[in-house]
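# Overview (structure and organization)
The primary structure of each chain is shown beneath.
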Amino acid sequence: MTDLARRAAIFAALADQTRLRIVDLLTLGDLASSEIGSALDLRSNLIAHHLGVLESARIITRTRSEFDRRRSYIGLRPEVFETLAPPSVPAPARVLFVCTANSARSQLAEAIWRDASPIDVASAGTRPAPVVNAEATAAAARHGLVIDPDRRPRHLDEVRADGDLVITVCDDAHERLLADDDLHWSVRDPARLGTPAAFDAAFDTLSQRIRALSSRLLAA
């Protein structure tokens, strides 16, 4: 079975709410089938059916009790949750975040990435603004990060280097680059509203995306 087929089989088995509840219980410890039935108020024939599906998908194992040999304990295979995760992505030499002005979203992304990952990072714009947006600097500061307010936004052509993983964080930059980026994250422009709440929302969106990607790169 390929890794993709294995993941598909696991997801299919866990699409049933009862089986998902059983797996939730098993994340805490091993249980006999009677204990699962008591915890979930299920008849023995239903428990047997659901455990059979989970066993066929290689999600659970059964271990005979060393004390009462008539009794078996159900446990999760230790690799199940690692199998469910998307495959790792080869780590680049550097991550380069790009937006239009290099004054807000890409600057925030650079600051967040630097805090989250040891992989080198930079940012740039397709049409750089004269200065970094003060609200972006303030949003970073509210989250304990630093954007140098005196740094000059730079053009993509000044910054881009071989080996960069180019991530556009605005639709304008993505569409102007005509697929000359590697990944695109559609993040709303906080400067359109210009409020602290809009910049915090952009920060949160970028943080979630960066946590997800950086964990996969570090696992590569």
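Look a little higher up for the structure.
Not measured: the values here are computed from a predicted model.

## Notes on unusual backbone geometry
In this structure, N102 is a non-glycine residue whose phi angle is positive, near 50°. Looking at where N102 falls in the secondary structure, it is placed in the loop between β3 (94-99) and α6 (105-116). A relative accessible area of 1% places N102 in the buried class. If you check the backbone angles, L178 has positive phi at about 50° while not being a glycine. Take L178: it is sitting in the loop between α9 (171-177) and β6 (183-184).

## Some remarks on the packing of aromatic side chains
Summed over all chains, the structure comprises two aromatic pairs. Judged by centre distance (5.8 Å) and plane angle (50°), the ring pair of F97 and W185 falls under tilted. Placement of F97 in strand β3 and of W185 in the loop between β6 and α10 (196-218) is noted, with a sequence separation of 88 residues between them. Using a relative accessible area of 0% as the deciding quantity, one classes F97 as buried. Grouping aromatic residues by their ring pairs yields a cluster made of F97, W113 and W185.

## Details of the layout of surface pockets
The space that makes up the largest pocket amounts to roughly 300 Å³. Considering the residues around the largest pocket, the lining is formed by 15 residues, among which T100, R105, C170, D189 and R192 are closest to the centre. Broken down by class, the residue content of the lining of the largest pocket amounts to six nonpolar, three polar and six charged.

## Quick look at the sheet that holds strand β5 (residues 164-168)
Taken in spatial order, the four strands make up an open sheet running β4-β3-β5-β6, and their pairing is parallel. Since the sheet does not close on itself, it has two edges, and those belong to β4 (120-125) and β6, each with one partner. The pairing of β3 with β4 spans six bridges and is parallel. Its bridge partner being in β4, C99 is matched across the sheet by G125. Seen against the sheet, α6 touches β3 and β4 and runs at an angle of roughly 175° to β4.

## With respect to the pattern of salt bridges
Scanning the model with the defined rule gives 14 salt bridges in all. Between D172 and R127 there is a salt bridge; the shortest N-O distance is 3.4 Å. Of this pair, D172 sits in helix α9 while R127 sits in the loop between β4 and α7 (134-142), placing them 45 residues apart in sequence. Residue D172 is classed as partly exposed on the basis of its relative accessible area, which comes to 29%.

## A short note on the pairing of β5
Of all five residues in β5, five are buried, a share of seventy percent or more. With burial as the criterion, each face of β5 is covered, one bearing D164, V166 and T168 and the other bearing L165 and I167. In the sheet, β3 pairs with β5 via five bridges, with the strands oriented parallel. Following the sheet pairing, V95 is matched in β5 by L165. Pairing analysis gives two bridges linking β5 to β6, with the strands arranged parallel. Bridge assignment links T168 to a residue of β6, and that residue is H184.

## Here we look at helix α3 (residues 33-40)
By the burial criterion, the buried members of α3 are I36, G37 and L40. Buried positions in α3, seen along its axis, are confined to an arc of 100° and lie on one side of it. Structurally, α3 contributes buried residues whose contacts are with α2 (17-26), α4 (44-56) and β2 (72-76). Remark: D41 follows α3 within two positions and exhibits a positive phi of approximately 55°.

How each quantity is defined
Residues numbered from 1 in each chain as written. Predicted model: local features only at pLDDT ≥ 70, side-chain atom pairs only at ≥ 80, totals over all residues. Heavy atoms only, no water. Helix = DSSP H or I, 4+ residues; strand = E, 2+ residues; numbered from the N terminus. Buried < 20%, exposed > 50% of the residue type's maximum accessible area, 1.4 Å probe, protein only. Phe/Tyr/Trp six-rings, centres within 6.5 Å; stacked < 30°, edge-to-face > 60°. 1 Å grid on protein atoms, 1.4 Å probe; cavity = no way out; pocket = protein on both sides within 12 Å on 5 of 7 lines; lining within 4 Å. Points joined across faces, edges and corners; volume = space filled by probe spheres on them. Nonpolar A, V, L, I, M, F, W, Y, C, P; charged D, E, K, R; others polar. Pairing = 2+ DSSP bridges. Contact = heavy atoms within 4.5 Å. Axes fitted to C-alpha atoms, helices over the stretch in contact; angles between N-to-C directions. Salt bridge = Lys/Arg side-chain N within 4 Å of Asp/Glu carboxyl O. Arc of directions from axis to C-beta.

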